[in-house]
Amino acid sequence: MNVSKFLKSFQYAFQGIVYAFREQNFRFHLLAAIIAIIAGLLTGLSQTEWLVIIIVIAIMLTLEMINTAIERVVDLTTSEIHPLAKQSKDLAAGAVLVFACASAIIGILIFLPKWMNYFT
């Protein structure tokens with residue numbers, strides 16, 4: 001194993017994260033994650049609930065990065081508007097939307113009962 005190449009791979013990965021921060025949608029999902037973490041701290045989540053929240057946040061941010069990567073590759077391969085290029089980008093964006101909706105439902109299922117108990 002080449003240690004230098006291994007360490008360099010982390011540098012590339014961190015650069016990818018820096019690229020993600022430049023994306024408006026990634027920043028939006030990051031803000032939502034921060035709000036969920038603050039709400040979790042204020043609500044007093046169980047260890048299992050924290051596990052679910054952390055996994056959901058990680059998957060959401062990862063999906064957003066994959067979506068951005070797909071968009072970049074499609075833009076690199078063609079400068080013209082092609083139906084398959086549009087479908088690829090729309091499918092990737094749709095995957096993010098599906099998981100964002102599922103994440104919202106998971107958040108409601110975790111937080112709402114705790115908040116209902118607090119106010120009753």
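Located above this text is the structure these notes cover.
Residues numbered from 1 in each chain as written. Predicted model: local features only at pLDDT ≥ 70, side-chain atom pairs only at ≥ 80, totals over all residues. Heavy atoms only, no water.

The biggest cluster of nonpolar side chains holds 10 residues, and these are Ala20, Phe26, Ala33, Ala39, Leu45, Ile53, Ile57, Leu61, Ile110 and Phe111. Elements with a contribution of two residues or more to this core: helix H2 (24-43), helix H3 (47-77) and helix H4 (83-119). For alanine 20, the residues in contact, after removing those within four places along its chain, are Phe26 and Met65. (Core = buried A, V, L, I, M, F, W, Y, C linked by side-chain atoms within 4.5 Å. Buried < 20%, exposed > 50% of the residue type's maximum accessible area, 1.4 Å probe, protein only. Helix = DSSP H or I, 4+ residues; strand = E, 2+ residues; numbered from the N terminus. Contact = heavy atoms within 4.5 Å.)

Let us now look at the packing of aromatic side chains. What the rule picks out here adds up to 3 aromatic pairs. When the ring of phenylalanine 21 is compared with that of phenylalanine 26, the centres are 5.4 Å apart and the planes differ by 75°; the resulting orientation is edge-to-face. (Phe/Tyr/Trp six-rings, centres within 6.5 Å; stacked < 30°, edge-to-face > 60°.)

The next thing to look at is the pattern of salt bridges. It is possible for side chains of opposite charge to pair when their charged atoms get near one another. Scanning the model with the defined rule gives 4 salt bridges in all. One salt bridge in this structure joins lysine 89 and aspartate 75, with 2.7 Å as the shortest N-O distance. Here lysine 89 is found in helix H4, whereas its partner aspartate 75 is found in helix H3, with 14 residues between them in sequence. Judged by relative accessible area, which is 25%, lysine 89 ranks as partly exposed. Given the relative accessible area of 46%, aspartate 75 is considered partly exposed. (Salt bridge = Lys/Arg side-chain N within 4 Å of Asp/Glu carboxyl O.)

Before going further, it helps to spend a moment on H4. Compared with the 54 Å implied by 1.5 Å per residue over 37 residues, the 51 Å span of H4 between its first and last C-alpha is a close match. The largest bend in H4 is about 30°, located at phenylalanine 111, with the proline proline 113 one to four residues further on. (Expected span 1.5 Å × (residues − 1). Bend = angle between axes of the 7 residues up to and from the residue.)

Mapped onto the elements of the fold, glycine 40 is located in helix H2. Of the residues examined, glycine 40 reaches a relative accessible area of 0% and is grouped as buried. The sequence separation of glycine 40 and alanine 85 amounts to 45 residues, and the corresponding C-alpha distance is 40 Å. Setting aside residues no more than four positions away along its own chain, glycine 40 makes contact with Leu45, Trp50 and Phe111.

This brings us to the packing of H3 against H4. Taken N-terminus to C-terminus, the directions of H3 and H4 make an angle of 165°; their axes are 9 Å apart at the nearest point. Taken together, the axes of H3 and H4 lie roughly antiparallel to each other. The two elements H3 and H4 meet at a crossing, and its hand is left-handed. Residues that form the contact of H3 with H4 fall into these classes: 18 nonpolar, 3 polar and 6 charged. (Axes fitted to C-alpha atoms, helices over the stretch in contact; angles between N-to-C directions. Parallel < 35°, antiparallel > 145°, perpendicular 65-115°, else oblique. Left-handed = near helix turned anticlockwise from the far one by under 90°. Nonpolar A, V, L, I, M, F, W, Y, C, P; charged D, E, K, R; others polar.)

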